[in-house]
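Spelled out, the chains give:
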Amino acid sequence: MQAACVRLPQLPNTSRLLADYLYDFGRVAPFYAHPPYASASWEAAARAADYPGERRAALVAALAVLNAGNPLLAELARPGTLAVVTGQQAGLFGGPAYTLYKALTAVKLARRLSEQGLPAVPVFWLATEDHDFAEVNHCRVFDVEHRALRLSIEGEASNQPVGARPLPAPPVDALRRALDGFPFGGEVVSLVSGAYRTGRPIGEAFADLLARLLGGRILLLDPLE
């Protein structure tokens, strides 16, 4: 498979602010404290961080509810340790592929900072408090014929946070049929079906799948906890 990089300005609706921040930082420098790609920016931001010990202890205690036994908790508890934070809405079957890419990027960045003498741990914000059910009630997968298939769950829009909503019957069988013939299709279906079970809160299923995929390499934060 060939891979190609698409610059963000080539995508529809990319704002000029974002494009300049990424590709021409000098145009927006007055609005930001540090240029994003300068290695000195990380150290400068770390020096400016002021996080009281009591607050750090409370944070670690709160994170322990969802991450019991994860050694990253002990690292975060140490004074001066940074957090590399990313997140995403609790989508069906993990949501779009970039959900996992964002988590892995946080893991790699935290590891790189630690190697450079800036101790850091990755944290993933499970956006379970989001209310946009229509945004997370579906996902798309390719079958062996390279056709994009839309898989979805039923449900009406409501004022309830998506993460707390019970999961309607997930389309696991449709996923199994779509991935039949792929080398790791069965493994993917097993991971997904173990996490996404009928009646389980959507946010809990999403967190479970991430935990299965990432194997404790990142701390999970559920704002509904």
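Here, the structure is the one placed above.
Residues numbered from 1 in each chain as written. Predicted model: local features only at pLDDT ≥ 70, side-chain atom pairs only at ≥ 80, totals over all residues. Heavy atoms only, no water.

> Which residues make up the overall build of the protein, and what values go with them?
The helix and strand inventory of the protein stands at nine helices and five strands. From first element to last, N terminus to C terminus, the protein shows the α and β order α-α-α-α-β-α-β-α-β-β-α-α-α-β. Each principal axis of the C-alpha distribution contributes one length, and for the protein these read about 50 × 45 × 40 Å. Taken across its 225 residues, the protein has 37% of its residues classed as buried. Put simply, of all contacts in the protein between residues at least 6 apart along the chain, 61% involve residues at least 24 apart. For the protein, the accessible surface area stands at approximately 13700 Å², while carbon and sulfur atoms represent 56% of it. (Helix = DSSP H or I, 4+ residues; strand = E, 2+ residues; numbered from the N terminus. Buried < 20%, exposed > 50% of the residue type's maximum accessible area, 1.4 Å probe, protein only. Contact = heavy atoms within 4.5 Å. Areas by Shrake-Rupley, 256 points an atom, 1.4 Å probe, with all protein chains shown as cover.)

> Requested: an account of the pairing of strand β3 (residues 138–142), with residues and values cited.
Here β3 pairs with strand β4 (residues 148–152) via five bridges, running antiparallel. By the bridge assignment, His138 is partnered in β4 with Ser152. Linkage of β3 to β4, two consecutive antiparallel strands, is achieved through a turn of five residues, within which His146 is found at a positive phi near 65°. (Pairing = 2+ DSSP bridges.)

> Could you give me a rundown of the packing of aromatic side chains, with the residues and numbers involved?
One pair of aromatic rings is described through two measures. These are the centre distance and the angle between the planes. Scanning all chains against the criterion turns up five aromatic pairs. Measuring from ring centre to ring centre gives 5.7 Å for Tyr21 and Phe25, while their planes differ by 70°; the resulting arrangement is edge-to-face. Ring pairing ties together the aromatic residues Tyr21, Phe25 and Tyr32, which thus form one cluster. (Phe/Tyr/Trp six-rings, centres within 6.5 Å; stacked < 30°, edge-to-face > 60°.)

> Quick rundown of the layout of surface pockets? Include the residues and the values.
Taken as a whole, the largest pocket spans an internal volume of roughly 1200 Å³. Around the largest pocket sit 33 residues that line it, and Phe93, Gly95, Ala97, Arg140 and Val141 are the ones nearest its centre. When contributions to the lining of the largest pocket are tallied by element, the ones reaching two or more residues are β1 (82–89), α5 (98–115), α6 (133–136), β3, α7 (172–179), α8 (185–195) and α9 (202–214). In terms of residue class, the lining of the largest pocket is built from 22 nonpolar, eight polar and three charged. By volume, the second largest pocket amounts to about 580 Å³. Every residue lining the second largest pocket is counted, 27 residues in all, and those nearest its centre are Ala46, Ala49, Thr81, Leu82 and Ala83. Broken down by secondary-structure element, the contributors of at least two residues to the lining of the second largest pocket are α2 (39–48), α3 (53–64), β1 and α5. Here the residues of the lining of the second largest pocket sort into 21 nonpolar, four polar and two charged. (1 Å grid on protein atoms, 1.4 Å probe; cavity = no way out; pocket = protein on both sides within 12 Å on 5 of 7 lines; lining within 4 Å. Points joined across faces, edges and corners; volume = space filled by probe spheres on them. Nonpolar A, V, L, I, M, F, W, Y, C, P; charged D, E, K, R; others polar.)

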